[in-house]
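Residues per chain, in single letters:
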Amino acid sequence: MKQTVYTASPESQQIHVWRLNSEGTLTLVQVVDVPGQVQPMVVSPDKRYLYVGVRPEFRVIAYRIAPDDGALTFTAEAPLPGSPTHISTDHSGRFLFSASYNAGSVSVTRLEDGIPTEIVDVVEGLEGCHSANISPDNRTLWVPALKQDRICLFTLADDGNLTAQNPAEVTTVEGAGPRHMVFHPNARFGYCVNELNSSVDVWQLSDVHGKIECVQTLDIMPPDFTDTRWAADIHITPDGRHLYTCDRTASLLTVFSVSEDGSVLSLEGFQPTETQPRGFNIDKSGKYLIAAGQKSHHIALYEITGEQGLLIEKARYAVGQGPMWVVVNAF
Ligand SMILES: O=C1O[C@H](COP(=O)(O)O)[C@@H](O)[C@H](O)[C@H]1O
């Protein structure tokens, strides 16, 4: 398996393209100068394109991915209705979703043979909209509205339109601030990291009656932590055994193990990391985790070890200024 790591650094308007070597080191392949402040990124399901959200002229840029070394070539761009905070696609690669925190909206852009084209739907009124997460069955879009302590649930239609479901949302405790999500590979549970109280919620996608409910909430901070909580990102290993979150004030990654069926998280430990980790990711083999320090301007690479999934730092690398997004692609 050949793997490429992409890091986005908005302050220097760069994407760094790295080869992930099998022994857990990175080799720099390319530095792309982006025409704007590049923030969220996602790889298309067919792995042909890297989509990146750019500001201050709000748009999505599609870069063609070279299959041999992961290098990027500018291919197309399309406007977005608000500042892109998070972008993702549906599993068929027909639609791109952009969540905008500042506009309080989520939009759907049609992808034609991988190229972003027209905006087909925009839903407004989602205060602090922080991400858009398609369910494993490609039917339900989960959209956390951080300032409203709710995750809105939309059905994705065949033409890309979003329709509020019934019930239209699930709610967190007051002041949690739901932000980023991942799903278990068994498609039965979702996990949401809450920015404002630095917790993680486990959502059972539906029980026998079709009801979605929160089955566990865990603190992601050490018991003696008293400073301002400021969580950011969450990821799960491809085998569903280990889950990680980060907090920016503490510059900390938190390590959880996941029960066999995905319903229960157990705290395993804490890993100090780069200063102000806003984004991190896990490689496709589940062996490595790469975290970006928005204030250290470096990324750190960790090996995921043992039954507990604890992290051992292997290396750190300078990237551009203010790195905040990491994605991994594999061929
Ligand atoms: O992490 C955060 O994200 C929001 C939105 O970020 P933006 O990059 O889309 O403007 C930010 O405003 C918030 O303060 C911060 O905690």
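The rules behind each value
- Residues numbered from 1 in each chain as written.
- Predicted model: local features only at pLDDT ≥ 70, side-chain atom pairs only at ≥ 80, totals over all residues.
- Heavy atoms only, no water.
- UniProt positions renumbered as here; feature names shortened; annotations may be inferred.
- Buried < 20%, exposed > 50% of the residue type's maximum accessible area, 1.4 Å probe, protein only.
- Helix = DSSP H or I, 4+ residues; strand = E, 2+ residues; numbered from the N terminus.
- Pairing = 2+ DSSP bridges.
- Axes fitted to C-alpha atoms, helices over the stretch in contact; angles between N-to-C directions.
- Polar contact = N/O pair within 3.5 Å; in protein donor to acceptor, adjacent residues only side chain to side chain.
- Contact = heavy atoms within 4.5 Å.
- Near = heavy atom within 4 Å.
- Areas by Shrake-Rupley, 256 points an atom, 1.4 Å probe, with all protein chains shown as cover.
- Nonpolar A, V, L, I, M, F, W, Y, C, P; charged D, E, K, R; others polar.
- 1 Å grid on protein atoms, 1.4 Å probe; cavity = no way out; pocket = protein on both sides within 12 Å on 5 of 7 lines; lining within 4 Å.
- Points joined across faces, edges and corners; volume = space filled by probe spheres on them.
- Salt bridge = Lys/Arg side-chain N within 4 Å of Asp/Glu carboxyl O.

With an unreviewed UniProt entry as reference, the protein chain is termed 6-phosphogluconolactonase, source organism Kosakonia radicincitans. The UniProt entry for the protein chain carries this comment under Catalytic activity (unreviewed entry): "6-phospho-D-glucono-1,5-lactone + H2O = 6-phospho-D-gluconate + H(+)". Within the UniProt record for the protein chain, the comment given under Sequence similarities (unreviewed entry) is "Belongs to the cycloisomerase 2 family."

Observations concerning the pairing of strand S22 (residues 252-258)
Burial analysis of S22 places 7 of its 7 residues in the buried class, which makes it a mostly covered element. Of the two faces of S22, the one holding Leu252, Thr254, Phe256 and Val258 and the one holding Leu253, Val255 and Ser257 are both buried throughout. One ladder, built from 6 bridges, connects strand S21 (residues 242-247) with S22; its direction is antiparallel. In the sheet register, Cys246 faces S22, and the bridge partner there is Leu253. As paired strands, S22 and strand S23 (residues 265-272) are joined by 7 bridges and run antiparallel to one another. Paired with Val258 across the bridge in S23 is Leu265.

What to know about the sheet that holds strand S20 (residues 231-236)
One open sheet holds the 4 strands; their spatial order is S20-S21-S22-S23, and the pairing between them is antiparallel. The open sheet is flanked by S20 and S23, the only strands paired with a single partner. Each adjacent strand pair in this sheet contributes to an overall mean axis angle of 20°, direction not counted.

Structural notes on the side chain of Gln14
Along the chain, Gln14 falls in strand S2 (residues 14-20). Gln14 sits in the buried class, given a relative accessible area of 17%. Polar contacts involving the side chain of Gln14 include one to the side chain of Ser12, which spans 2.8 Å. When near neighbours in sequence (up to four residues on either side) are disregarded, Gln14 contacts Thr7, Ala8, Ser9, Val31, Val32, Asp33, Val34, Val38 and Gly320.

Considerations on the site of the ligand
Taken together, Gln39, Arg55, Thr85, Tyr101, Asn102, His130, Arg179, Glu195, Trp230, Arg248 and Arg278 make up the full set of residues near the ligand. Asn102 is positioned such that a nitrogen or oxygen atom in its side chain is 3.2 Å from an oxygen atom of the ligand. In the environment of the ligand, an oxygen atom lies 3.1 Å from a nitrogen or oxygen atom belonging to the side chain of Arg278. Contact with the protein chains covers 78% of the free accessible surface of the ligand, which is 380 Å². Tallied by class, the residues present in the shell around the ligand amount to 2 nonpolar, 4 polar and 5 charged.

Remarks on the layout of surface pockets
Quantified by volume, the largest pocket comes out at close to 1300 Å³. Lining the largest pocket are 42 residues, and of these Val42, Val182, His235, Asn281 and Lys284 lie nearest its centre. When the residues that make up the lining of the largest pocket are grouped by side-chain class, the tally is 23 nonpolar, 13 polar and 6 charged. If you go around the second largest pocket, you meet 17 residues; those closest to its centre are Thr140, Gln165, Leu205, Ser206 and Ile212. Residue assignment for the lining of the second largest pocket shows that the elements contributing at least two residues are strand S13 (140-145) and strand S15 (162-171). Here the element with the most residues in the lining of the second largest pocket is S15; it accounts for 4 residues. In the lining of the second largest pocket, the residues fall into 8 nonpolar, 6 polar and 3 charged.

Quick notes on the side chain of His16
Looking at where His16 falls in the secondary structure, it is placed in strand S2. Excluding residues that lie within four positions of it along the chain, His16 makes contacts with Val5, Tyr6, Thr7, Leu28, Gln30, Val31, Val319 and Gly320.

Let's talk about the environment of Val319
Position of Val319 among the secondary structure elements: in the loop between strand S27 (310-318) and strand S28 (325-330). Val319 sits 26 residues away from Gly293 along the chain, and the two C-alpha atoms are 9.6 Å apart. Ignoring sequence-local partners within four residues, the contact set of Val319 consists of Thr7, Ser9, His16, Trp18, His297, His298 and Ile299.

A few points about unusual backbone geometry
Cis geometry is found at the peptide bond from Arg55 to Pro56, where omega equals 10°. For Pro56, the position within the fold is in the loop between strand S5 (49-55) and strand S6 (59-65). Omega for the bond connecting Asn166 with Pro167 falls within 30 degrees of zero, at 0°, which places this linkage in the cis form. Locating Pro167 in the fold gives a position in strand S15. The residue Ser198 is not glycine, and still its phi comes out positive at about 45°. Tracing the sequence through the fold places Ser198 in the loop between strand S17 (189-194) and strand S18 (199-204).

Quick word on the pattern of salt bridges
With the rule as written, the count across this model stands at 15 salt bridges. Put simply, Arg248 and Glu195 hold a salt bridge, and the shortest N to O gap is 3.5 Å. Placement of Arg248 in the loop between S21 and S22 and of Glu195 in the loop between S17 and S18 is noted, with a sequence separation of 53 residues between them. A relative accessible area of 4% means that Arg248 is categorised as buried. Note on Glu195: relative accessible area 8%, which makes it buried. Taking the shortest distance from any N to any O, the salt bridge between Arg229 and Asp219 comes out at 2.7 Å. Note that Arg229 is positioned in the loop between strand S19 (213-219) and S20 and Asp219 in strand S19, a separation of 10 residues in sequence. Connected through salt bridges with shared partners, the residues Asp46, Arg48 and Asp113 form a single ionic network.

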